[in-house]
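Coordinates in review
Residue strings, one per chain:
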Amino acid sequence: TPRVFSGIQPSGNLHLGNYLGALKRFAEAQDRGTETLYCMVDLHAVTVWQEPADLTRATRELTAGFIASGLDPTRSILFNQSQVAEHSQLAWVFNCVARMGWMQRMTQFKDKAGKNAQNASLGLFAYPALMAADILAYHGTHVPVGEDQKQHIELSRDIAMKFNHDYGVEFFPLPEPVIEGAATRVMSLRDGTKKMSKSDPSDMSRINLTDNADAISRKIRKARTDPEPLPMDAKGLEDRPEARNLVNIYAALADMSVDAVMAEAGGQPFSVFKPRLADLAVDRLAPISTEMKRLMRDEVAIDTILADGAARARAIAAPILRRTYDIMGMVGAP
Ligand code: AQP
């Protein structure tokens, strides 16, 4: 049976890319009636320095972002990674299955560690093994993610395959990345060749889910573009990353195909298209921001949702971890 698992790091600045690439699609999977587990991956966030008070706040804000985006804690299991110890325990097993060479090929590690890789944390290097544990602790089969996570999911498959092979079992499923829709890679509003990112120093590069209507519309009106009007069809967007990005965002927010957007907006100058996109974005995003702020006023309620989710998650993960240890020959309680 399919079981959907995915996560987002509570590292602040939750943005439109996280919404279209992840949250909106998480809600769609839930609404299709699939079993869904979604995790605030705080253990991943601390692979780079997080101020403790900021991490606490970002974890609650992310939880509020999930709920405001349509995730329902009674239909999906919403929880915080560090509250379910099985993630770390299974990650250790996978650290022993994965090979150094596999990790060295990960482009996200190379990007995030930068030139000074010797000074990156060991956790940042081992990040994909923890991610494999996140998914496989639940025997997750489908993982909705943005384009940037594809390589990590492939590594999760390699880890599952090697474990099964080494121990001669058919135990872990091979999880599949689910990367679909018009906005699997939302780009920066300042540079159409860079992905929209939490850590971009320019706040104008991204639309935050906490932005109000004014900020959303200002950022879209100021988004960098070339001077030409939109082309007549999707093919004409190929060499125009900024234009393509805005059209993709429009398509994803409106639940339309890119071709349908082009049929409607092809040939429009940005002075016409941007205000339309701004109205659509405000219409879809401003209610999320308002709802997040409302939810953030009751921290106890948020912490209760996470504690309840953690208990339900643990009930699935604990027997899978025990079975993993048994397969490996580790002695348990009589
Ligand atoms: N620009 C994006 N377009 C589409 N999807 C995106 N995701 C992230 N950025 C985009 C997807 O959001 C989910 C959560 O990602 P994460 O918590 O791992 O965040 P991240 O990728 O670390 O986010 P940033 O903004 O890229 O942070 P920094 O700046 O630290 O690198 C994932 O499914 C991801 O694909």
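Everything quoted here is computed from the prediction, not taken from an experiment. (Residues numbered from 1 in each chain as written. Predicted model: local features only at pLDDT ≥ 70, side-chain atom pairs only at ≥ 80, totals over all residues.)

With that settled, the discussion passes to the packing of helix α7 (residues 122-136) against helix α8 (residues 150-167). With their axes 9 Å apart at the nearest point, α7 and α8 run at an angle of 70° to one another. Considering their axes alone, α7 and α8 lie roughly perpendicular with respect to each other. Between α7 and α8, the contacting residues are Pro128, Ala129, Met131, Ala132, Ile135 and Leu136 on the first element and His152, Leu155, Ser156, Ile159 and Ala160 on the second. Here the contact of α7 with α8 is built from residues that sort into 9 nonpolar, 2 polar and no charged. (Axes fitted to C-alpha atoms, helices over the stretch in contact; angles between N-to-C directions. Helix = DSSP H or I, 4+ residues; strand = E, 2+ residues; numbered from the N terminus. Parallel < 35°, antiparallel > 145°, perpendicular 65-115°, else oblique. Contact = placed C-beta atoms within 7 Å. Nonpolar A, V, L, I, M, F, W, Y, C, P; charged D, E, K, R; others polar.)

A few words now on the pairing of strand β2 (residues 35-40). The buried fraction of β2 amounts to 5 of the 6 residues, a majority that puts the element mostly inside the structure. As defined by bridge partners, strand β1 (residues 3-8) adjoins β2 across 6 bridges and the pair is classed as parallel. Note on β2: the bridge partner recorded for Arg3 is Glu35. Once you follow β1 into helix α1 (residues 16-31) and on to β2, the crossover reads as right-handed. Of the strand pairs in this sheet, β2 and strand β3 (residues 76-80) are connected by 5 bridges, and their pairing is parallel. Bridge assignment links Leu37 to a residue of β3, and that residue is Ile77. (Buried ≥ 20, exposed ≤ 12 C-beta atoms within 10 Å, placed from the backbone. Pairing = 2+ DSSP bridges. Right-handed = clockwise from strand over helix to strand, strands pointing away.)

So, about the site of the ligand. Within the structure, the ligand sits among 19 residues, and Gly17, Gly21, Gly146, Ser197 and Ser199 are positioned closest to it. The dominant element in the shell around the ligand, judged by the number of residues it contributes, is α1, at 4 residues. Considered class by class, the residues forming the shell around the ligand number 5 nonpolar, 10 polar and 4 charged. (Near = placed C-beta within 6 Å.)

The residues that UniProt annotates with the feature "binding site: L-tryptophan" (unreviewed entry) are Asp134. For Asp134, the position within the fold is in helix α7. The exposure class of Asp134 is buried, given the 27 C-beta atoms found within 10 Å. (UniProt positions renumbered as here; feature names shortened; annotations may be inferred.)

The subject of this paragraph is helix α10 (residues 241-254). The end-to-end C-alpha separation of α10 is 20 Å, in line with the 20 Å expected for 14 residues at 1.5 Å each. Buried residues dominate α10, accounting for 12 of its 14 residues. Buried within α10 are the following residues: Glu242, Ala243, Arg244, Asn245, Leu246, Val247, Asn248, Ile249, Tyr250, Ala251, Ala252 and Leu253. Residue Asp255 follows α10 closely and has a positive phi angle near 55°. (Expected span 1.5 Å × (residues − 1).)

The element β3 is largely enclosed, with a buried count of 5 among its 5 residues. Across the two faces of β3 the burial is the same, with Ser76, Leu78 and Asn80 and Ile77 and Phe79 all buried.

Take Ala260: it is sitting in helix α11 (residues 258-265). When the C-alpha positions of Ala260 and Asp134 are compared, they lie 37 Å apart, and in sequence the two are 126 residues distant.

A separate point is the domain arrangement of the protein. As far as domains go, the protein holds domain 1 (3-178 + 298-328) and domain 2 (203-294). For domain 1 and domain 2, the distance between their C-alpha centroids amounts to 30 Å. On the side of domain 2, 9 residues touch domain 1, which itself brings 11 residues to the contact. For the side of domain 1 that touches domain 2, the secondary-structure elements that each account for two or more residues are α1 and α3 (52-68). Sort the elements by how many residues they give to the side of domain 1 that touches domain 2 and α3 lands first, with 4 residues. Within the side of domain 1 that touches domain 2, the residues separate by chemical class into 6 nonpolar, 4 polar and 1 charged. (Domains from an automatic or database assignment.)

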